[in-house]
Amino acid sequence: MGQFLLRRILISIPVLLGITIAMYIIVNLAPGDPVTALMNPEQMANMGPEWVEHQREALGLNDPMPVRYVKWLKETATGNLGYSFVDRLPVSEKIGERIWPTVKLMLVVLVISVLIGVPLGIISALKQYSFIDYLLTIMGFLTVSIPSFFLALILIYVFSLKLDWLPASGMYTVGQPRAFTDSLQHMILPATALGLSQAAPIIRYTRASLLETIKQDYVTVARAKGLGETHVVMHALRNALIPIITIIALNVPMLLGGTVIIEQVFSWPGMGSLAIASVQGRDYNVLMGINLIAAIMILLSNLLADVIYALVDPRIKYS
Amino acid sequence: MSSATTLTSPPNQQALAEIAAKTPRKNATFWSRFRRHKLAVIGLTVLLLMGLIAIAAPLVAPHAPNAVSLANYRKPPSFDYLLGTDSQGRDVLSRLMYAARISLSVGIVAVALYVVIGTVLGGLAGFFGGWVDGIVMRLADMVLSFPAIIVIITIVSILGPSILNVMLVIGLMGWPPIARLVRGEFLTLRDRDFVTASRSTGAKDSRIIFRHVLPNATTPVIVNATFGMAQAILLEAGLSFLGLGVQPPTASWGNMLNAAQSITTLEEMPWLWIPPGVAIVIAVLAINFVGDGLRDALDPRSGK
């Protein structure tokens, strides 16, 4: 298992490096000079252009891009992601406090989408071509066709503004001691807005996978032996659900992307709303850090999916 | 598949399908298959209608889309303004019609762009194989394993928000699935009998690619591009909603929804944000239905 893990990690490294190179080039295309952006204009006028040039040299900004990239990579490897252009705080600190809210939202959405998607997918498969199968298919189409932010606006309009049942923004009620029920209430709307569209592909793949598995010989054998239908389905289900792990893992980039807009709508203090704020402030260091963390999160989730897959499916060899 | 085994095998299914494909019956079956998919027919009708309204917007829109009328701001729907007016007194219905031009063309242009990129890269990878294939496919993995929107907002923040940049960036991020499809098609067809036959008669590479391989890839590419158009429209809407896409005063469905970021608008002026949202849902739903219909009609193996 250790060797399997190591191999998987080694495969991910070139992809991660590639992503950082691409992002580094893109961010370096940005207009504006970090020196002039960071310096007090009065001080710069007093010191003159030679001094600015000296600063550029000292900061290594005159080096060719590959050299600067390697320097950046070294710093990044030690956990130094640079400083925000806007408030001079370390990027790692700024992102650090935003990771957990985003991960928490993503986890809840994942759980919701699996809890909705898998049972509905099973029902859809067992009642193939029935009214309910048809209805679920159409509902699936509808949920992937609604922009998540529009759904979010409708939810806020109905449940926060009109019915006043649930809070419309934030993770906690400001000025109140943090309580579980309070954070749960804040979670419901954003998680629903994201979770519905995430459930649709899970319904579809659970249905397809179960229909595929039920045709297998061992299921027919189970039936022929006189096993009850519930038992037969349970028998098939265990194998049918394995591919769903991959579907969920493949959906993580979509999910992470989805949090960006949803966090903005609900003022959720996560990485997504930090990304939007950084775009508005042209805070490229922070954006670069967010891109890096996002890439790592996605590669980790793929790794996790591979590991779980290997654990539940004995046909897959670790080596 | 080696040529030795194929010599003794019964008439090749693929070859028969090729002959069948040359006959005019193909289109007839395609239409009859497509027509059986009721939702797809409805989707296509709705889509054509929307396209027509978008093209004819200057003729059918009751008001100029950017005409500011301070006397009539934030008016609820009335006979003069069927869907009311926004905070600058502009007619919501007219803006909605003009926005259809923007949103639909972003979908079409962005997808056209990545279909071209994906076909070229996928074709190169599939045709040359080896290290070209390796590089293209690793590049595809990289782009695929990344939340497009985070990259897009980073790039847009650098290039500046504009409709052109949105099309460009969606186009640059969307090609991997197309490249994979085209590459796969190249790999499976490269050694098929009809390609070997063509090659043995002295056909050039270009003829084999354009005459024999690419036409076979069109089916999956068309289906993928249709769903991609729905995705692109959603993405544009999201970006414009965040203020990072199409810039005012040009109307797009996404930036019309931007107004709803204020709680007062959200609560008291639903005519400002519900219509553009519904327009997006209808357009995207229609495209997805058409895509589903195309998949069923073009791919006999998909069952149903």
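Fair warning: this is a prediction, and the values are worked out from it, not measured in the lab.

Participant: In this structure, what is going on with the overall build of chain A? I would like to understand it.
Facilitator: Summing up its helical and strand segments, chain A has 15 helices and 0 strands in all. With the C-alpha coordinates of chain A rotated into their principal frame, the extents come out at 90 × 55 × 35 Å. A buried classification covers 33% of the 319 residues belonging to chain A. Of the contacts formed within chain A by residues at least 6 apart in sequence, a portion of 72% connects residues at least 24 apart.

Participant: Could you clarify how one ought to interpret the overall build of chain B in this entry?
Facilitator: Summing up its helical and strand segments, chain B has 15 helices and 0 strands in all. Considering chain B as a whole, with its 304 residues, one finds that 42% of them fall into the buried category. At a minimum sequence separation of 6, the contacts of chain B that also span at least 24 residues come to 69%.

Participant: Please explain the interface of chain B and chain A as it appears in this structure.
Facilitator: By convention, interface size is frequently given as the accessible area that disappears when the constituent parts associate. In this assembly, 34 residues from chain B lie in contact with 37 residues from chain A. Among the secondary structure elements, those contributing two or more residues to the side of chain B that touches chain A are helix H7 (130-144), helix H8 (148-159), helix H12 (205-241), helix H14 (263-268) and helix H15 (270-298) of chain B.

Participant: Mind showing me how you'd approach unusual backbone geometry here?
Facilitator: Peptide bonds are trans in most cases, and residues, glycine excluded, mostly fall at negative phi. The omega angle of the peptide bond from Pro248 of chain B to Pro249 of chain B is 10 degrees, so this bond is cis rather than trans. With respect to the helices and strands, Pro249 of chain B occurs in the loop between H12 and helix H13 (253-257). Positive phi, normally seen in glycine, also occurs at Tyr129 of chain A, with a value near 65 degrees. Tracing the sequence through the fold places Tyr129 of chain A in the loop between helix H6 (91-126) and helix H7 (131-145).

Participant: Would you take a moment to explain H7 of chain A for this structure?
Facilitator: Each α-helix turn comprises 3.6 residues. Residues three or four places apart therefore point the same way. For H7 of chain A, with 15 residues, the first-to-last C-alpha span of 21 Å sits near the 21 Å given by 1.5 Å per residue. Leu136, Gly140, Phe141, Val144 and Ser145 of chain A are the residues of H7 of chain A that are buried.

Participant: How should the nonpolar core be read in this particular structure?
Facilitator: One broad rule of soluble globular proteins: the nonpolar side chains tend to lie buried together. Residues Ala152, Leu153, Ile262, Ala275 and Ile290 of chain A together with Ile152 and Ile233 of chain B are the most contacted members of the largest nonpolar core, which totals 144 residues. Other than its neighbours up to four places away in sequence, Ile233 of chain B contacts Ser103, Val106, Gly107, Ile280, Ala283 and Val284 of chain B.

Participant: Teacher, can you tell me more about the environment of Pro76 of chain B here?
Facilitator: Residues and elements named next belong to chain B. Its place among the elements puts Pro76 in the loop between helix H5 (57-60) and helix H6 (92-128). Classification of Pro76 by C-beta neighbours within 10 Å gives partly exposed; the count is 13. With 31 residues separating them along the chain, Pro76 and Thr45 place their C-alpha atoms 30 Å apart. Setting aside its immediate chain neighbours within four residues, Pro76 contacts Gly84 and Trp271.

Participant: Sorry, what's going on with the packing of helix H10 (residues 176-189) of chain B against H12 of chain B here?
Facilitator: Helix-helix packing: each pair is described by the crossing angle between the helix axes and the interaxial distance. Residues and elements named next belong to chain B. Where H10 contacts H12, the two axes come as close as 9 Å, and the packing angle between them is 145 degrees. Crossing of H10 over H12 shows right-handed handedness. Contacts between H10 and H12 pair Pro177, Ile178, Leu181, Val182, Glu185, Phe186 and Leu189 from the former with His212, Val213, Asn216, Ala217, Pro220, Val221 and Asn224 from the latter. Tallied by class, residues from the contact of H10 with H12 come to 10 nonpolar, 3 polar and 1 charged.

Participant: Please explain the environment of Ala112 of chain B as it appears in this structure.
Facilitator: Residues and elements named next belong to chain B. Residue placement: Ala112 occurs in helix H6. Under the C-beta neighbour-count criterion, Ala112 is labelled partly exposed, with 15 such atoms within 10 Å. Placed 34 residues apart in sequence, Ala112 and Phe146 show a C-alpha to C-alpha distance of 21 Å.

Participant: For this particular structure, what's the right way to read helix H14 (residues 271-280) of chain A?
Facilitator: Counting buried positions over the 10 residues of H14 of chain A gives 7, a clear majority of the element. When we look at burial in H14 of chain A, the residues that qualify are Met271, Gly272, Ser273, Leu274, Ala275, Ser278 and Val279 of chain A. Buried residues along H14 of chain A sit against H6, helix H13 (252-265) and helix H15 (284-312) of chain A together with H8 of chain B. Arg282 of chain A sits one or two residues past H14 of chain A and shows a positive phi near 50 degrees.

Participant: Can you help me understand the confidence of the model for chain B in this one?
Facilitator: In low-pLDDT regions, the fine details of the predicted coordinates are not to be read closely. All names here are of chain B. Averaged over all residues, the pLDDT of chain B equals 81, while 88% of them reach at least 70. Every residue in residues 1-9 is under pLDDT 50, and counting partners more than four places away or in other chains gives 5 contacts. The ipTM, which scores confidence in the relative placement of chains, is 0.82 for this predicted complex, and the corresponding pTM is 0.83.

Conventions used here
- Residues numbered from 1 in each chain as written.
- Chains lettered and ligands numbered in written order.
- Predicted model: local features only at pLDDT ≥ 70, side-chain atom pairs only at ≥ 80, totals over all residues.
- Helix = DSSP H or I, 4+ residues; strand = E, 2+ residues; numbered from the N terminus.
- Buried ≥ 20, exposed ≤ 12 C-beta atoms within 10 Å, placed from the backbone.
- Contact = placed C-beta atoms within 7 Å.
- Expected span 1.5 Å × (residues − 1).
- Core = buried A, V, L, I, M, F, W, Y, C linked by C-beta atoms within 7 Å.
- Axes fitted to C-alpha atoms, helices over the stretch in contact; angles between N-to-C directions.
- Left-handed = near helix turned anticlockwise from the far one by under 90°.
- Nonpolar A, V, L, I, M, F, W, Y, C, P; charged D, E, K, R; others polar.
- pLDDT = per-residue confidence, 0-100.

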